[in-house]
Structure formats: C-alpha cells, structure tokens
Amino acid sequence: MKYIQNLSLPRLLYRYFPHCFAAIFFCLAFLCCGVLIPAKWGNHSKHDCEIKICVSNTGIHSNIIVPVESRVFDWHKYLSLDEIGIDNAKNYNYLSFGWGDRDFYMSTPSLINLKLYTTFKALFLPTPSVMYVKGYQIIPNYLEVKCIKINQNDYLHLINFIESSFQLDVNGTSIRLGNGHTDNAGFYAAKGSYSILRNCNSWTAEGLRKADINTPLWTGLSSAIMLHFQSNCK
C-alpha cells in the first residue's frame, strides 16, 4: 500500500494504463466478433417459402413483424385486434411484436425520456417484462425494415415462440397493460425477466432461431440482428 502511495500519478498511469487499454481492447474485440460472427454456419436451403416475415430496427429495439392472417395461423383468434391501440382499427394486415423491460419500455418512448434509475434497474436487476404490439396496414417505411420468406413449419415455430411470450390471465387471455407510444400500439404483460444478459434484441434473436433463421453470436444490438437477418430459401 505504501509503495502505491509513493508512486506519482504519471508513474501510476504509465504502469497501469497498458493493462487497462489491453482489457478495453479485448472487450471491444470480443463484442465485434460476437456481432460479426453468425451463430451457425452453412445453412441448408429451404423450399416452399411462402410466408413473409420482417424485422424492424428502431435503433435500440428490434421487432418481429408477421402477417395477421396466413394459411396456417390467424391472430384474430389470439388477440382482440381492435383493442391493441386506441385507434380502434380492425383492419390491420401486419402485427409487430417486441419484448423488453416493463418500466423502461412503457416510460421511454424516445431517448429524450431516458431516466438513469430506470435504465440501471433494467440492465442490472431482474425486472418484469412486457410485450409491445403494434398493428399496421402496410409494412412501415419510416423504420429500417428487412423482410424474408420462410416456410410454414418454420413460421409456426416462430408463432409459437411469440405466443408463449405473453402472460395470460386465469381465462387464458392476454393481459393488456396500457396504451403504446403511438395510436396503433399497446403493451401486454409478458413472461420472462429482462436483464443485461437477455434484452429486447436477445428475445428477437431467440424467436428467429426458432424459425431456423441465423442470428449473430452476440445478440445484444438491434443492428447485429439486422446484419444477419436473411433468407435461406430457394
């Protein structure tokens, strides 16, 4: 202890800065590799890909967008579409699903509304989660959106994952918690706990993997999800 106290500040910096720099460099290199490296290699080609799904990127959150109706699934049988938003629309053609920390998601419509305590609690404490559902007549063009087509079997795996993320009441009905940040959106109670190890983009990646769609090795960033989101269908 006395030895450290006897060292001047320049000498301390000279002694420990290379170690700190090396640790930072290693962490950044690890994250870059996790973003660029796919979770799996050598996708085998799929056939009979008829159902379009999309992923949107808000810059922070990624969301899965699926058709309201298809030959194999109809969301009308699971959600009351006219209750999703306050616009009372019943003619949505697509639904967007996102998962995240309940307090952070519901109280932070934009970065301007960011609160330090809410952010810290979401990242470092196990917290309740929420599903964010939005309805669209057409695929939104004001967000970064990528779309691919998948086959029915993979699509059903994805739908089952999204369904299983909703928390249900004693009657088996989804629990609407409040209005969304836009007129066509609403928040619903969700299963699972949010943390720095499992965030909104981790949830998106987990759903895509259920549909046999490749994802990055590290799924913490929405941009990484978009980078690897591509079809393996002929």
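1. Some remarks on the confidence of the model for the protein chain
Working step 1: Considering every residue of the protein chain, the mean pLDDT works out to 81; 74% of them sit at 70 or more.
Working step 2: In the model, residues 1-7 has pLDDT below 50 throughout and makes four contacts with residues more than four positions away in sequence or in other chains.
Working step 3: The low-confidence segment residues 21-31, where pLDDT is below 50, has one contact with residues more than four positions distant or belonging to other chains.

2. A word on the state of the cysteines
Working step 1: Per the counting criterion, the structure on display carries one disulfide.
Working step 2: Across a sulfur-sulfur distance of 2.0 Å, cysteine 54 and cysteine 147 are joined as a disulfide pair. Around the S-S axis, the bridge from cysteine 54 to cysteine 147 shows a dihedral of about 100° and counts as right-handed. Separated by 93 residues along the polypeptide, cysteine 54 in strand E1 (residues 51-57) and cysteine 147 in strand E5 (residues 144-150) bring together distant segments of the chain.
Working step 3: For cysteine 147, a relative accessible area of 37% translates into the label partly exposed.

3. Some points on helix H6 (residues 200-210)
Each α-helix turn comprises 3.6 residues. Residues three or four places apart therefore point the same way.
Working step 1: A large share of H6 lies buried, amounting to eight of its 11 residues.
Working step 2: Every buried residue belonging to H6 is among Cys200, Asn201, Ser202, Trp203, Thr204, Ala205, Gly207 and Leu208, and all of these are buried.
Working step 3: Capping the start of H6, asparagine 199 holds a side-chain oxygen 3.0 Å from the backbone nitrogen of asparagine 201, two or three residues further along.
Working step 4: Aspartate 212 sits one or two residues past H6 and shows a positive phi near 60°.

4. What to know about the packing of aromatic side chains
Working step 1: Within this structure, the stated rule accounts for 11 aromatic pairs.
Working step 2: Between the aromatic rings of phenylalanine 73 and tryptophan 75, the centroid separation amounts to 4.9 Å while the plane-to-plane angle is 75°, which identifies the pairing as edge-to-face.
Working step 3: When the ring of phenylalanine 97 is compared with that of phenylalanine 166, the centres are 6.1 Å apart and the planes differ by 90°; the resulting orientation is edge-to-face. A residue pair is termed long-range when its members are at least 10 positions apart, and phenylalanine 97 in strand E3 (residues 94-101) and phenylalanine 166 in the loop between helix H5 (152-164) and strand E6 (176-179) qualify at 69 residues. Taken as a pair, phenylalanine 97 and phenylalanine 166 share a single burial class, namely buried.
Working step 4: In textbook terms, an aromatic cluster arises when at least three aromatic residues are bridged by ring pairs, as seen for Phe73, Trp75, Tyr78, Phe97, Phe166 and Tyr188.

What counts and how
Starting from 1, residues in each chain are numbered consecutively following that chain's sequence as written. Local features in a predicted model are, by the rule used here, given only for residues with pLDDT of at least 70; side-chain atom pairs are given and counted only at 80 or more, and totals for whole chains, interfaces and linings are based on all residues. The side-chain figures draw on all heavy atoms in the structure; neither hydrogens nor water molecules are used. Residue-level confidence of the predictor is summarised by pLDDT, bounded by 0 at the bottom and 100 at the top. We call two residues contacting when some pair of their heavy atoms lies within 4.5 Å. The disulfide criterion is simple: two cysteine sulfur atoms within 2.5 Å. Segments assigned H or I by DSSP are reported as helices when at least four residues long, segments assigned E as strands when at least two residues long, and all are numbered from the N terminus. For the exposure calls, accessible area comes from a 1.4 Å probe over protein chains only, and a residue counts as buried if that area is under 20% of its type's maximum, exposed if over 50%, partly exposed in between. Under the rule applied, a polar contact is a pair of N or O atoms within 3.5 Å (in protein, one hydrogen donor and one hydrogen acceptor; residues adjacent in sequence only if both atoms are side-chain atoms). In summary, the pairing rule links any two rings of Phe, Tyr or Trp, Trp by its six-membered ring, whose centres are within 6.5 Å, and it sorts them by plane angle into stacked for under 30 degrees, edge-to-face for over 60 and tilted for everything else.

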